[in-house]
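Here's the letter readout for the chains.
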Amino acid sequence: MSGRKEPVRAGHEVLPPAGHRKLPCDAHMYGGNMPERVLPRGDAYGFPVRQHSEQHDRRHPTRRKKQPDTTAVAGLPVRRMPSSGSPAPGASEGMPSRQRIAFRILGPLEIVTEKGPLPLRGKNQRAVLAYLVLHANQVVSISDLMNVLWPENAPPTARKVLQNAISALRKVLMRLGTPGQPAASLLSQEPGYVLQTSSENIDVTRFRLLNQQGRIALESGQPEKAARALSAALGMWRGPALQDLADSGVDWPELSVLDSARTAAQEDYFEAELLSGRHQEIASQLSTEAAKKPSRERTCRLLMLALYRCGHQVEALDAYDRLRQQLDADFGVEPSRALQDLRHAILRQDPALGLRAATTGTTRAPASAVLPPADPELNLLLSLRELVQSRRRPHVVTLVGSLQGRTGRLIPDLLEHLSRDREVTVWDAHAGADGADLADDLRAALRRASPHQTLVVTCVDLHRTGGPVARCVGEIVRAAGDIPLLIVLTAESDPEHLWPGWSSAVPQSTTITV
């Protein structure tokens, strides 16, 4: 017999040999009822941490650590929250708070935790995650994700490659949050997958919230408050949206929409600063932005006004001339009537352009004429109209919402704005009960289209229409070729829900929930 002590069996449990201590396992294995002498590394998971026993400290003096301040709540040790703040969002009093994370897409794609960014490997994994974050808490179909990875022709192993990317992402997301309280989950749900996470974990959501707060403050005559909110919103950008993917050739419509939203927020910020009397501080920034976007009329208008108030009348007129030459070279058009009026006002040194006039309610009309309406949804539609015109590529927008609400007013506002644009032809299509009228109207509109004239087709209440709507719209988009065609539809539900297969039939499409 050797001197080795064999374990003793008791039923199905194997007891450790005499003289050996039973090693502790993770806290969740004990269901929260921890043996007094067991100290798991629970603090890494958000679990309460027990004090070392005196006997443990005597055995391992080098392992002694300063223990966190704790307070007994219902007989359990609970980490005390900082006295100067409130519990973290999503955490209840007496419960461990979730690990803070951020999905960042306003710049290179990142998942950032309190310990730093998590590793994301390979373009497929990054592209799938980026698209899921763009559509967080919404079901994204498998066909959409395959179009993301292979816009042209998918290989025979496409579905397997997608599944591997999803599996890898799930392993990454498992490292977020606490046991039983995941900070994000990637779930299978017909007809695809959904990334579930709190909206506060996504930088683009916080950007939109701050941007909206700034717009509301600007419209209510609080330019200082608007400038602070808009500055915070713009500070969240680290570069172009999904810059790493965009540099590798990704060209999603959602990226153009985000870029347009950023530009509109910049212009709102500059307006707020102008109304606050800080034209000296922003003149150079406006010059830089105008150089980046030489055909952007609103930026040019703000630059002209800032330069004029700085005493640079000649430079303000030069800015107008550069824009006029750019518009003529790119589109063969003249600057808008509002911009021409501003030029004439600068030439005659109209007192209404001064700072004092711009900050009073009775004489602000000439200055406000410099700026388009601060309406995020309308600005998105106008940005998409510019996109199809510049790229000569059709696009479809579905406005989701009730016609009794904002959606019902958005179409008339769009048509009113387009009625002043000589480079746009507007066509009102009717769907009919079975969709036959929609197909006929879209074909009729397309026959009257020109590669040199933007065609905007509107059709409301499309949720009342049966038949193969997705196939019909998809065929028209493919037939349009290089015609700058923008189709604006309204419905009370998501198009993928109304017409399954919508995303694959109409790949060049955007859904805006109003």
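Computed from a prediction, not measured in an experiment: that's the story for all the values here.

Caption draft 1: Up close: the packing of aromatic side chains. Tallying each qualifying case throughout the model produces three aromatic pairs. Their ring planes at 85° and their centres at 5.3 Å tell us that Y131 and W252 sit as a pair that is edge-to-face. Taken together, the residues Y131 in helix 2 (residues 123–134) and W252 in the loop between helix 7 (243–247) and helix 8 (253–275) connect sequence positions 121 residues apart. A residue is classified by how much of its surface remains accessible, and Y131, at 12% relative accessible area, is buried. Residue W252 is classed as buried on the basis of its relative accessible area of 9%.

Caption draft 2: Representation of the pattern of salt bridges in the model. Taken as a whole, this structure holds 17 salt bridges when the rule is applied. The shortest N-O distance in the salt bridge between D251 and R393 comes to 3.6 Å. With D251 in the loop between helix 7 and helix 8 and R393 in the loop between helix 15 (376–391) and strand 11 (395–400), this pair connects stretches of sequence that are 142 residues apart. On the basis of relative accessibility, which here comes to 39%, the residue D251 falls in the partly exposed class. The partner of R298 in a salt bridge is D268, and the shortest N-O contact between them spans 2.8 Å. In this pair, R298 is assigned in helix 10 (residues 297–309) and D268 in helix 8, connecting sequence segments 30 residues apart.

Caption draft 3: Representation of the nonpolar core within the structure. Within the largest apolar cluster, 86 residues are counted, with the highest numbers of intra-cluster contacts made by F103, I111, V128, L176, L242, W252 and M304. Ignoring anything within four residues of it in the chain, the contact list for L242 reads I105, G107, L109, A130, L134, W252 and L255. V457, C472, V477 and A480 belong to the second-largest nonpolar core, a separate cluster that totals 28 residues.

Caption draft 4: Geometry of the pairing of strand 9 (residues 184–189). Pairing between strand 9 and strand 10 (residues 192–197): six bridges, direction antiparallel. Bridging from a neighbouring strand, L187 pairs with V194 of strand 10. The turn joining strand 9 and strand 10, which pair antiparallel and follow one another in sequence, is formed by two residues.

Caption draft 5: Looking closely at helix 11 (residues 313–331). Taking 1.5 Å as the rise per residue, helix 11 with 19 residues should run 27 Å; its terminal C-alpha atoms sit 27 Å apart, in good agreement. Taken together, the buried positions of helix 11 are A316, L317, A319, Y320, L323 and L327. For helix 11, the angular spread of buried residues about the axis comes to 150°, placing them on one side. Across from the buried face of helix 11, at angles greater than 90 degrees, the exposed residues are V314 and A329. Buried residues along helix 11 sit against helix 10 and helix 12 (337–347).

The rules behind these values
Residues numbered from 1 in each chain as written. Predicted model: local features only at pLDDT ≥ 70, side-chain atom pairs only at ≥ 80, totals over all residues. Heavy atoms only, no water. Phe/Tyr/Trp six-rings, centres within 6.5 Å; stacked < 30°, edge-to-face > 60°. Helix = DSSP H or I, 4+ residues; strand = E, 2+ residues; numbered from the N terminus. Buried < 20%, exposed > 50% of the residue type's maximum accessible area, 1.4 Å probe, protein only. Salt bridge = Lys/Arg side-chain N within 4 Å of Asp/Glu carboxyl O. Core = buried A, V, L, I, M, F, W, Y, C linked by side-chain atoms within 4.5 Å. Contact = heavy atoms within 4.5 Å. Pairing = 2+ DSSP bridges. Expected span 1.5 Å × (residues − 1). Arc of directions from axis to C-beta.

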